[in-house]
Amino acid sequence: MTSEPIKAGGKVEPLRKTRPCPECGKPSAREHYPFCSDRCRTLDLSRWLKGSYAIPVADDEAKADGTDDRE
Ligand SMILES: [Zn+2]
């Protein structure tokens, strides 16, 4: 156990600990740091290109209005 106090600064630790992929949360890979794969990297990049985090259009999963189980 280390008894060294944590210095309150804005220093970022070098590439030591594996950070979770900002896309899926999996451990990042060195080749695609800080992402886990090129896929997640592209995903994040595409979001940037779009200008904002757009919500993917989900299929019409909304159930019909009260036509499911009505009594
Ligand atoms: Zn990922």
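Residues numbered from 1 in each chain as written. Predicted model: local features only at pLDDT ≥ 70, side-chain atom pairs only at ≥ 80, totals over all residues.

A. Focus on the overall build of the chain. Counting its secondary structure elements, the chain contains 1 helix and 0 strands. Buried residues in the chain amount to 8% of all 71 residues. (Helix = DSSP H or I, 4+ residues; strand = E, 2+ residues; numbered from the N terminus. Buried ≥ 20, exposed ≤ 12 C-beta atoms within 10 Å, placed from the backbone.)

B. Seen up close, the UniProt feature "binding site: Zn(2+)" (unreviewed entry) in the chain. The feature "binding site: Zn(2+)" (unreviewed entry), as given by UniProt, occupies C21, C24, C36 and C40 in the numbering adopted here. In sequence the annotated residues extend across 20 residues, while in space they remain close, none of their C-alpha pairs exceeding 8.2 Å. Residue classification places C21 among the buried residues on the basis of 22 C-beta atoms within 10 Å. Setting aside residues no more than four positions away along its own chain, C21 makes contact with K26, S28, F35, C36 and C40. With respect to the helices and strands, the residue C36 is situated in the segment before α1 (38-50). (UniProt positions renumbered as here; feature names shortened; annotations may be inferred. Contact = placed C-beta atoms within 7 Å.)

C. Here's a closer look at the environment of Y33. Along the chain, Y33 falls in the segment before α1. Judged by the 13 C-beta atoms lying within 10 Å of it, Y33 falls in the partly exposed class. Counting along the chain gives 13 residues from Y33 to P20, while the straight-line C-alpha distance between them is 9.6 Å.

D. Inspection of α1 at higher detail. Its 13 residues place the ends of α1 18 Å apart at the C-alpha level, agreeing with the 18 Å of an ideal helix rising 1.5 Å per residue. Phi for G51, located one or two positions after α1, is positive at around 100°. (Expected span 1.5 Å × (residues − 1).)

E. How the structure looks around unusual backbone geometry. Here the bond from Y33 into P34 is cis, since omega is 0°, no more than 30 degrees from zero. Assignment of secondary structure puts P34 in the segment before α1.

F. Highlighting the environment of A29. For A29, the location among the structural elements is in the segment before α1. Sequence-wise, A29 and T18 are 11 residues apart; in three dimensions their C-alpha atoms are separated by 8.0 Å. For A29, the contacting residues outside a window of four places in its chain are C36 and S37.

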